[in-house]
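Structure at a glance
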Amino acid sequence: MKKIFLCLIIFSIFSCKSSLINYALEKKGVYEDKITIREFTRDSNDVVFFEMAHIGTSLYYEDVKIKIDSLLKENFYFYLESINDDESNDSIRRKFIKITKVALQKEGYMGSLDSIFIAKGIKLKKELVSQPKYNTQGLTDKNSANVDVSLNDIINYYENKYQPIILEPCDYEVSLYEVPKCPITLKKEIRDDIIVNFRNNHVLQKLSEEKKQKIGIIYGKGHLKGIKEGLLKMGYTEVLSK
C-alpha cells in the first residue's frame, strides 16, 4: 500500500449509536451531492480550496470532477492530499497506528466501513463510495502534485516535539490493518497538532514558495480552518459567494 488517507470521520461516526449513523452522516455532509469550494485571492494569485469528503455519493464526486475540469481550463495547478507511505518501514507504520489509532486500509474508506455497517444491519440513506483516485478526476503529474507529508515526517515531528514512541510486544500481535490493544491515547490538541496542524503548515509553506499563480487545494474538510487562517495571514482575502 503506497499511500494512506486519513479521515477522522470514521471515529466520530462510530462513537454514535448505530441508530444515529445516518443522522451523523447527514450532519457531516456525507450525503451532499455537491462539493463546497472556497476562493481566496491576493493581487494576481488565486487559491481555491475543495472541502473534500473522503466518502460520499457518486453525484458528489461527479461534481468534484466538473469543478476540477473547469479550473484546469483556467490553468489551475492542484495540491493533493495523500500521506506518503513509500519509504516507511514496519516500525514507522506501527508507531503511526499506535498514536493515531488508525490502521492501514485495504480497500479505501468504504471498504473499512462496509463490514461494520453490514454487521450492525445498518441501511444507509444513500449509496456511498470512497473518494475516487485522483487520476480518474483528470489530475496528472503535469497539472497536480501530492504536497502532503510522509508517515516518517509525522513520526519524526511527534517524537521531536513530544516524546519517543516505544513499541511494545502487543503492537506486533495484530496486522497493520488492525489497531492493537495498547495504543497511546493522545489529548485532542496533540492529535490535531500532528494530524491537522503539522500538515496544514506544510501545505502553506509549499504555497509560500509557489511560482504558479492559480492553485487548487484538494484536502479534507477538517483542514479548511487552519489553511484559511494561514492564507489570511499571507494576505489573501476570501471571495464570498453571492
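In what follows, the structure referred to is the one given above.
Scoring rules and cut-offs
- Residue indices follow the written sequence of each chain, beginning from 1 at its first position.
- Per-residue local features are limited, in this predicted model, to residues with pLDDT of at least 70; the limit for side-chain atom pairs, both in listing and counting, is 80 or more; totals at the level of whole chains, interfaces and linings are taken over all residues.
- In computing side-chain properties, one takes all heavy atoms of the structure into account and sets aside hydrogens as well as water.
- Numbering of helices and strands starts at the N terminus; helices are DSSP runs of H or I of at least 4 residues and strands are runs of E of at least 2.
- Between buried and exposed lies partly exposed: a residue is buried under 20% and exposed over 50% of the maximum accessible area for its type, with that area taken using a 1.4 Å probe on protein chains only.
- Note on contacts: a residue pair is in contact if any heavy atoms of the two residues lie within 4.5 Å.
- Each accessible area value is a Shrake-Rupley result obtained with a 1.4 Å probe; residue values ignore everything except the protein chains displayed when judging cover.
- Only Phe, Tyr and Trp rings take part, Trp by its six-membered ring, and two of them pair if their centres are within 6.5 Å. Stacked means planes under 30 degrees apart, edge-to-face means over 60, and tilted covers everything else.
- Charge-over-ring contacts are defined here by two conditions on Lys NZ or Arg CZ: a distance within 6 Å of the ring centre and an angle within 35 degrees of the ring normal.
- Note on terminology: a nonpolar core comprises buried Ala, Val, Leu, Ile, Met, Phe, Trp, Tyr and Cys residues joined through side-chain atoms within 4.5 Å.
- Strands pair, by our definition, only if DSSP identifies at least two bridges between them.
- In what follows, salt bridge is the name for a side-chain nitrogen of Lys or Arg lying within 4 Å of a carboxyl oxygen of Asp or Glu.
- Here, the term disulfide refers to a pair of cysteine sulfur atoms separated by no more than 2.5 Å.
- The axes used here are C-alpha line fits, helices contributing only the stretch in contact, and every angle between their N-to-C directions lies in the interval 0 to 180 degrees.

1. Focus: the overall build of the protein chain
If you tally the helices and strands in the protein chain, you get eight helices and 10 strands. Here the protein chain holds 242 residues, and 45% of them are scored as buried. Across the protein chain, the fraction of contacts at a sequence separation of at least 24, relative to all contacts at a separation of at least 6, is 81%. Accessible surface, the protein chain: about 13,100 Å² in total, of which carbon and sulfur atoms supply 51%.

2. A look at the packing of aromatic side chains
This model, assessed by the stated rule, comprises four aromatic pairs. Judged by centre distance (5.9 Å) and plane angle (70 degrees), the rings of Phe 50 and Phe 78 are edge-to-face. Of this pair, Phe 50 sits in strand S3 (residues 45-52) while Phe 78 sits in strand S5 (residues 77-80); the two residues are 28 residues apart in sequence, bridging distant segments of the chain. Residue class for Phe 50 comes out buried when judged on its relative accessible area of 0%. Both rings, one in Tyr 157 and one in Phe 198, keep their centres 4.2 Å apart while their planes meet at 15 degrees; by these two values the pair is stacked. Of the two residues, Tyr 157 sits in helix H6 (residues 151-161) while Phe 198 sits in helix H7 (residues 188-208), which places them 41 residues apart along the sequence. Judged by relative accessible area, which is 22%, Tyr 157 ranks as partly exposed. In this structure, Lys 212 is placed above the aromatic ring of Tyr 77, and the distance from its NZ or CZ to the ring centre is 4.3 Å.

3. Thoughts on the nonpolar core
Counting residues in each nonpolar core, the largest one holds 17 residues, and the members touching the most others are Ile 99, Tyr 158 and Leu 186. Elements that contribute at least two residues to this core include exactly helix H4 (90-100), H6 and H7. Sort the elements by how many residues they give to this core and H7 lands first, with five residues. Setting aside residues up to four positions removed in sequence, Tyr 158 forms contacts with Ile 99, Gln 163, Ile 165, Leu 186, Ile 190 and Ile 194.

4. Some words on the pairing of strand S2 (residues 37-42)
Pairing of S2 with S3 involves six bridges; the strand directions are antiparallel. Bridging from a neighbouring strand, Thr 41 pairs with Asp 46 of S3. Where S2 hands over to S3, the hairpin turn is made up of two residues, of which Asp 43 adopts a positive phi near 55 degrees. Bridge count between S2 and strand S10 (residues 237-239): three bridges; the pairing is antiparallel. Across the sheet, residue Glu 39 finds its bridge partner in S10, namely Val 239.

5. Quick notes on the pattern of salt bridges
Per the counting criterion, the structure on display carries 18 salt bridges. Across the pair Arg 38 and Glu 238 runs a salt bridge whose closest N-O atoms are separated by 3.2 Å. Linking Arg 38 in strand S2 with Glu 238 in strand S10, this pair joins segments that are 200 residues apart in sequence. Arg 38 gets classed as partly exposed once you look at its relative accessible area, which sits at 25%. Ionic pairing is found between Asp 193 and Lys 161, a salt bridge with its closest N-O pair at 3.0 Å. With Asp 193 in helix H7 and Lys 161 in helix H6, this residue pair connects regions lying 32 residues apart in the sequence.

6. Observations regarding the state of the cysteines
Tallying each qualifying case throughout the model produces one disulfide. Here Cys 170 pairs with Cys 182 through a disulfide, and the sulfurs are 1.8 Å apart. Its S-S torsion of approximately 115 degrees makes the covalent link between Cys 170 and Cys 182 right-handed. Note that Cys 170 is positioned in the loop between H6 and H7 and Cys 182 in the loop between H6 and H7, a separation of 12 residues in sequence. A relative accessible area of 18% means that Cys 170 is categorised as buried. Using a relative accessible area of 13% as the deciding quantity, one classes Cys 182 as buried.

7. Some points on the sheet that holds S10
Ordered by their spatial adjacency, six strands build an open sheet running S8-S5-S9-S3-S2-S10, and the pairing between neighbours is mixed. Both outer strands of the open sheet, strand S8 (144-146) and S10, are each paired with one neighbouring strand and no more. Pairwise comparison of adjacent strand axes, ignoring direction, gives a mean angle of 25 degrees for this sheet. Packed on one face of the sheet, helix H3 (residues 58-73) meets S2, S3, S5 and strand S9 (214-220) and runs near 170 degrees to S3. Across the face of the sheet, H7 comes into contact with S3, S5 and S9 while running at roughly 170 degrees to S9.

Such coordinate-based values are descriptive only and should not be taken to indicate function.
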